[in-house]
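The lines below spell out each chain.
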Amino acid sequence: MEIERINEHTVKFYISYNDIEQRGFEREEIWYNRERSEELFWEMMDEIHQEEEFTIDGPLWIQVQALEKGLEVLVTRAQLSKDGNKYELPVGDDKIPVDEKIESLLDQQFHSKYEENDFVEEFEEENFQFLIRFNDFEDVISLAHRIQLNGLNNSLYSYENKYYLFIEFNEELYTEDELENMLSIVLEYGNESALSVHRIEEYGKKIINENALTEMVKYFSL
């Protein structure tokens, strides 16, 4: 994938259809399967966040152009107006207001899904699984000595020189507040990843299958 930083608020990237297929997606499904297309988009945004430090802190304006051999995507962060009442899209020296319906749709689909500090939220059934990315193995060791996640399924993987901890939370064993506190601690050491656990399982390497943090304490000291 080729990434070009246009300015502070805008980034453009190009991804070929071959690259899309190598990531485990079919060309047709990115147009007709909304869930899979969003999964691909956030996987790409995760890479952009790592390489360009392009953080999502508001609604997005997304333009997709289908080329002969791939996709060109332009992503612009909307900015709050001076009065703080609405979002605007920065274009040159002018500002284009974001329609309220578009703003609401983008905010619902993209902003809340990606912002790293917004993951400690009201727990719903579909939010019981989290994939946490660590840039350094030492961060995983430090987390393991901080919290054990007893009774919660947690597995450790490596993928493209990063480490990923997959956690399945269980509200039958813990209260909502306890689960939120656990997640808050975990996010002190790593970040929520936009990648799917299925991609990590298929293309990554499984290091510890079960009770990963407990096993880490057995073999690694601080």
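None of these values were measured; they are calculated from a predicted model.

Rules used in this analysis
- Counting starts from 1 at the beginning of each chain's written sequence and moves along it residue by residue.
- Reporting of local features is limited, given that this is a predicted model, to residues whose pLDDT is at least 70; pairs of side-chain atoms are given and counted only at 80 or more, and all residues count toward the totals for whole chains, interfaces and linings.
- Remark: hydrogens and water are excluded; side-chain values derive from all non-hydrogen atoms of the structure.
- Only centres within 6.5 Å qualify two rings of Phe, Tyr or Trp (six-membered ring in Trp) as a pair; their planes then separate them into stacked at under 30 degrees, edge-to-face at over 60, and tilted for everything else.
- Only protein chains enter the calculation, and the probe is 1.4 Å; a residue is then buried if its accessible area is under 20% of its type maximum, exposed if over 50%, and partly exposed in between.
- Remark: nonpolar core denotes a set of buried residues (Ala, Val, Leu, Ile, Met, Phe, Trp, Tyr, Cys) joined through side-chain atoms within 4.5 Å.
- Helix numbers and strand numbers start at the N terminus; a helix is a DSSP run of H or I with at least 4 residues, a strand a run of E with at least 2.
- We call two residues in contact whenever any of their non-hydrogen atoms come within 4.5 Å of each other.
- By definition, two strands form a pair when at least two bridges between them are found by DSSP.
- Interaxial angles span 0 to 180 degrees and are taken between N-to-C directions of axes, which are lines fitted to C-alpha atoms, for helices over the stretch in contact.

S.K.: An account of the packing of aromatic side chains is needed here, citing residue identities and associated values.
M.R.: Under the counting rule described, the total for this entry stands at four aromatic pairs. Ring centres 5.1 Å apart and planes at 80° place the aromatic pair Phe41 and Trp42 in the edge-to-face group. Residue Phe41 shares its accessibility class with Trp42, and that shared class is buried. Taken together, a centroid distance of 6.4 Å and an interplanar angle of 55° make the contact between Tyr159 and Tyr164 tilted.

S.K.: Quick rundown of the nonpolar core? Include the residues and the values.
M.R.: By size, the foremost hydrophobic cluster in this structure holds 25 residues, and its most contacted members are Ile132, Leu156, Leu165, Phe169, Met182 and Met216. Of all the secondary structure elements, the ones that give two or more residues to this core are strand 8 (129-134), helix 5 (137-146), strand 10 (162-168), helix 6 (176-186) and helix 8 (212-219). Residues within four places of Leu165 in sequence aside, it is in contact with Phe130, Leu131, Ile132, Phe134, Leu143, Asn154, Ser155, Leu156, Ala212 and Leu213. Among the nonpolar cores identified, the runner-up in size contains 19 residues, and Val11, Leu40, Trp42 and Val73 belong to it.

S.K.: Outline the sheet that holds strand 11 (residues 191-192), listing residues and values.
M.R.: Strand pairing in a sheet is mediated by backbone hydrogen bonds. Such pairs are either parallel or antiparallel. Strand order in the open sheet made by the five strands is 11-8-10-9-12, with antiparallel pairing throughout. Each edge of the open sheet carries a strand with a single partner, namely strand 11 and strand 12 (205-208). Relative to strand 11, strand 8 is paired through two bridges, and the arrangement is antiparallel. When the sheet's bridge partners are listed, Arg133 is paired in strand 11 with Asn191.

S.K.: An account of the side chain of Glu43 is needed here, citing residue identities and associated values.
M.R.: Position of Glu43 relative to the elements: it lies in helix 3 (residues 34-52). On the basis of relative accessibility, which here comes to 1%, the residue Glu43 falls in the buried class. Setting aside anything within four residues of it in sequence, one finds Glu43 in contact with Arg23, Phe25, Ala194, Leu195 and Arg199.

S.K.: Tell me about the sheet that holds strand 1 (residues 2-5), and name the residues and values.
M.R.: Read across the sheet, four strands follow the order 1-2-4-3 without closing on themselves; strand pairing throughout is antiparallel. In this open sheet, the two strands that pair with only one neighbour each are strand 1 and strand 3 (60-66). On average, each strand axis in the sheet is inclined to that of its neighbour by 15°, with strand direction left out of account. In terms of strand pairing, strand 1 meets strand 2 (residues 10-16) through four bridges, oriented antiparallel. If you follow Glu4 over to strand 2, its bridge partner there is Lys12. Set on the sheet, helix 3 makes contact with strand 1, strand 2, strand 3 and strand 4 (70-77); between it and strand 2 the angle comes to about 125°.

S.K.: Tell me what's going on with unusual backbone geometry, and back it up with residues and numbers.
M.R.: At Leu149, a residue that is not glycine, the phi angle is positive and equals roughly 55°. One can find Leu149 in the loop between helix 5 and strand 9 (153-159). The class of Leu149 is buried, set by a relative accessible area of 3%. One non-glycine residue, Glu160, adopts positive backbone phi at about 50°.

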